[in-house]
Amino acid sequence: MLTTNDDYIALSGDTEDINILHNDFNLSELAMVFPDVNSILVPKKAHTNLSKYVPKALLREVDPNKDIAVEKCLLVLSNLASTYYTEDPWKPLSSVILHEQTKNTSNTYIYTKIIEVLTTGTKTGAFIEVGDSYKIGVQSKKYRLTEQYLKTGLTEYLIKDSGIIATRNRLFYLQLTSAMNNPICANLVRMYPKIELPTSAELLAIGKKLVKEGRNTKKGKLLTMRNKHKNDYWNDWQKRSFVEDNIKLFEFLTGRGFMIPSAGDTASGGRVVDSFTLMPAWIREQITIEGKKLTECDYTALHPNIAIKLYGGKESYITHQKVAEKAAIDVKAVKVEHLAFFNKKWVGMKKSPLYKYYSTHEPLMLERIRKDKAANGYKVTSHKISCILFVNIIL
């Protein structure tokens, strides 16, 4: 209830209380921060083709209500939206997540029926293909959109079924809660309201300028204007990164609100991923926080160097290249393994290709890590490294 001087008491449940949003800055700002959970990106024509041309008998296997069945199929397709912006169109999808996204009130597994609908498709072809890389406990099944739908582009679809929306709300807040329990993710969420994004037009002008300067990406690819040409216009297109494609990725990552940041598992060393870590560096450089542009800080072999400081190692500074040379291991393999090595259980560390190097050159440090994991759980090393990272971020 609002009074004449715009003071108000706690929400009473009356519909008029929505007017408080117009008078409370914090509440109105909150409404702008999070995207609608009913909004998904799906391939163009997918909704029409599912509704009109997929056999009704197949859709009824998903749900007796045809419209709900179509929306659940679109929901699964939306998981592949990010593959429009990756060189590899294949993406692993966890059966656990697919079940959580699509299950009904009786907790029935219906995602397999949805996959059947999408792989069967219509007379003009399937919606998706399923890979054969599945390994129990190692690799989830991989999926990809067929060329027919991969080349059409994406469109926004607003889910209408209240049951699906309720499920997405629940998953959204579970993910947000997980983020707020991680110090790095929580710090990022608190920073988002301060972020100012460039427009696509501004990025296009900056991209053209960088192309003229001969800018290369961090992976050594030459920044190039596509100018509506297809890849085969260039003999070396694999060695190029296209400005227009980069801007489309930026729009995908920020256009409907920012991703909730999430920390990876031990395989990625707990690396935090959000809308900004996924976008091209030259675009990230144009973002401002309270009027100040971001500055990139790239640390070589950050996890092992933090571990050396935490556990009293002898090395003053370590690099992936140094370990690769002394251990006779490919440097790319060393980079990947360094993300996970110190976060593993002790048995897993001993099986790692890096164990021989550290047991030879840093035996005392390894012994201290072993004792710490034995006394405080194997995740203690990862937790300590994350805390050091967090302190450095906020400083």
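Computed from a predicted structure; not experimentally measured.

So, about the pairing of strand β4 (residues 142-145). Strand direction decides the pairing type here: strand β2 (residues 91-92) and β4, joined by two bridges, are antiparallel. Paired with K91 across the bridge in β4 is Y143. Bridging between strand β3 (residues 128-130) and β4 involves three bridges; their strand directions are antiparallel. Its bridge partner lying in β4, I128 is registered against L145.

For T102, the position within the fold is in helix α5 (residues 95-102). A distance of 2.7 Å separates the side chain of T102 from the backbone oxygen of L98, its partner in a polar contact.

Aromatic ring pairs: the centre-centre distance and the angle between the two ring planes describe each pair. All chains considered together, the criterion is met by 14 aromatic pairs. Residue placement shows R144 over the ring face of W90; its charged tip is 5.9 Å from the ring centre. Lying across the ring of F242, R226 places its NZ or CZ 4.0 Å from the centre.

Spatial ordering of the open sheet is given by β6-β11-β12, a layout of three strands whose pairing is antiparallel. Among the strands making up the open sheet, the edge pair consists of β6 (195-196) and β12 (292-293). In the sheet, strand β11 (residues 288-289) pairs with β12 via two bridges, with the strands oriented antiparallel. Each bridged residue has a counterpart across the sheet, and for I289 the counterpart in β12 is K292.

Attention shifts here to the sheet that holds β4. Ordered in space as β2-β4-β3, the three strands form an open sheet in which the pairing is antiparallel. The open sheet terminates on both sides in strands that have one partner only, identified here as β2 and β3. Sheet strands in contact with helix α6 (residues 111-120) are β3 and β4, and its direction is about 115° off that of β3.

Let's shift gears to α6. An α-helical segment advances 3.6 residues per turn. Residues three or four places apart therefore align on the same side. Regarding α6, the residues found buried are Y111, I114, I115, V117 and L118. For α6, the angular spread of buried residues about the axis comes to 160°, placing them on one side. In this fold, the buried residues of α6 make contact with α2 (46-53), α3 (56-62), α4 (66-78), α5, β3 and β4. In the stretch just after α6, G121 is the one whose phi turns positive, near 70°.

Time to look at the pairing of strand β1 (residues 39-43). For β1, the buried fraction is high: five of the five residues fall into the buried class. Relative to strand β5 (residues 154-158), β1 is paired through five bridges, and the arrangement is antiparallel. Bridge pairing in β5 places S39 opposite L158.

It is worth spelling out α4 at this point. Look at α4: 18 Å from first C-alpha to last across 13 residues, which is about the 18 Å you get at 1.5 Å a residue. By the burial criterion, the buried members of α4 are I68, A69, V70, E71, K72, C73, L74, L75, V76, L77 and S78. One side-chain oxygen at the N-terminal end of α4 lies 2.9 Å from the backbone nitrogen of D67; it belongs to N65.

Across all of its chains, the model carries 11 salt bridges by this definition. With a closest N to O distance of 3.3 Å, E100 and K103 form a salt bridge. A residue is classified by how much of its surface remains accessible, and K103, at 23% relative accessible area, is partly exposed. Here E285 makes a salt bridge to R215, at a shortest N to O gap of 2.8 Å. Taken together, the residues span a long stretch of sequence, with E285 in the loop between α12 (281-284) and β11 and R215 in the loop between α10 (200-212) and β7 (222-224) at a distance of 70 residues. The exposure class assigned to R215 is partly exposed, which follows from its relative accessible area of 24%. Members of the salt-bridge network, linked through shared partners, are E100, K103 and R170.

As for its position among the elements, S275 is in the loop between β10 (272-273) and α12. Here L253 takes part through its backbone oxygen, which lies 2.9 Å from a polar atom of the side chain of S275. Within polar-contact distance, the side chain of S275 engages the backbone nitrogen of M259 at 2.8 Å. Look past the residues within four positions of S275 in its chain and what remains in contact with it is L253, T254, F258 and M259.

Let's shift gears to the environment of E251. As for its position among the elements, E251 is in helix α11 (residues 243-254). Sequence separation between E251 and M279 is 28 residues, and the spatial gap between their C-alpha atoms is 9.6 Å.

With that settled, consider the packing of helix α14 (residues 320-327) against helix α15 (residues 331-340). When two helices pack together, their arrangement is given by the angle between their axes and by how far apart the axes lie. In contact at an axis separation of 9 Å, α14 and α15 are set at 120° when each is read in the N-to-C sense. Helix-helix and strand crossings are classified by hand; for α14 and α15 the assignment is right-handed. Here α14 contributes H320, Q321, V323 and A324 to the contact with α15, which in turn contributes V331, V334, K335 and H338. In the contact of α14 with α15, the residues fall into four nonpolar, three polar and one charged.

Note that T177 resides in helix α8 (residues 162-180). Separated by 83 residues in the primary sequence, T177 and I260 have C-alpha atoms spaced 9.9 Å apart.

Definitions and limits used
Residues numbered from 1 in each chain as written. Predicted model: local features only at pLDDT ≥ 70, side-chain atom pairs only at ≥ 80, totals over all residues. Heavy atoms only, no water. Pairing = 2+ DSSP bridges. Helix = DSSP H or I, 4+ residues; strand = E, 2+ residues; numbered from the N terminus. Polar contact = N/O pair within 3.5 Å; in protein donor to acceptor, adjacent residues only side chain to side chain. Phe/Tyr/Trp six-rings, centres within 6.5 Å; stacked < 30°, edge-to-face > 60°. Lys NZ or Arg CZ within 6 Å of the ring centre and 35° of its normal. Contact = heavy atoms within 4.5 Å. Axes fitted to C-alpha atoms, helices over the stretch in contact; angles between N-to-C directions. Buried < 20%, exposed > 50% of the residue type's maximum accessible area, 1.4 Å probe, protein only. Arc of directions from axis to C-beta. Expected span 1.5 Å × (residues − 1). Salt bridge = Lys/Arg side-chain N within 4 Å of Asp/Glu carboxyl O. Left-handed = near helix turned anticlockwise from the far one by under 90°. Nonpolar A, V, L, I, M, F, W, Y, C, P; charged D, E, K, R; others polar.

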